[in-house]
Amino acid sequence: MEKQNINELISKAKSSGKKKTIQKIVPVISKGVGEVQFSFYIEKELLKKLKLKAIQEDTSMKQLVNNAINNALK
C-alpha cells in the first residue's frame with residue numbers, strides 16, 4: 001500500500017466516531033489455603049479415565065487426584 005492510502009485509512013478510522021471498547025477488570029478469586037500449583041506428565045489413557053470418572057462422579061479431576069494421593073499416603 002502506498003503511504004497516502006494508509007494515511008487516508010487512518011483518517012477514516014479516527015473520524016468514524018466509534019466508541020472504544022473498555023475491558024472489564026475482574027479480581028482473581030483467591031486459591032484455597034495452602035494450595036500450590038504442581039505439574040506432571042500422565043499417560044493419555046489414564047487422563048481419559050480420570051476425566052470420565054470426574055464426569056461420572058460430578059466432581060473435579062483435581063479433587064480426584066487429591067483424594068487418590070491422600071489415600072496412597074495413609
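Residues numbered from 1 in each chain as written. Predicted model: local features only at pLDDT ≥ 70, side-chain atom pairs only at ≥ 80, totals over all residues. Heavy atoms only, no water.

Asks: What is the right way to look at unusual backbone geometry in this model?
Replies: With a phi angle near 50 degrees, Asp58 is a residue other than glycine that sits in the positive phi range. Structurally, Asp58 can be placed in the loop between α2 (44–56) and α3 (61–73). You can call Asp58 exposed: its relative accessible area is 72%. (Helix = DSSP H or I, 4+ residues; strand = E, 2+ residues; numbered from the N terminus. Buried < 20%, exposed > 50% of the residue type's maximum accessible area, 1.4 Å probe, protein only.)

Asks: For this particular structure, what's the right way to read the confidence of the model for the protein chain?
Replies: Caution applies to low-pLDDT regions: their predicted coordinates should not be interpreted in detail. Confidence along the protein chain averages 84 in pLDDT terms, with 84% of residues attaining 70 or more. Confidence, read as mean pLDDT per element, is least for helix α1 (residues 3–15) in the protein chain (77) and greatest for α2 (96). (pLDDT = per-residue confidence, 0-100.)

Asks: I tried to follow the pattern of salt bridges on my own but got confused; where do I start?
Replies: One side chain can pair with another of opposite charge once the charged atoms of both are near each other. Summed over the entire model, instances satisfying the criterion amount to 3 salt bridges. For Lys62, the salt bridge goes to Glu35, with nearest N and O atoms at 2.8 Å. With Lys62 in helix α3 and Glu35 in the loop between α1 and α2, this residue pair connects regions lying 27 residues apart in the sequence. According to the relative accessible area criterion, Lys62 is partly exposed, its value standing at 48%. Exposure remark for Glu35: the relative accessible area of 38% places this residue in the partly exposed category. Note that Glu57 and Lys53 form a salt bridge whose closest N and O atoms lie 2.8 Å from each other. (Salt bridge = Lys/Arg side-chain N within 4 Å of Asp/Glu carboxyl O.)

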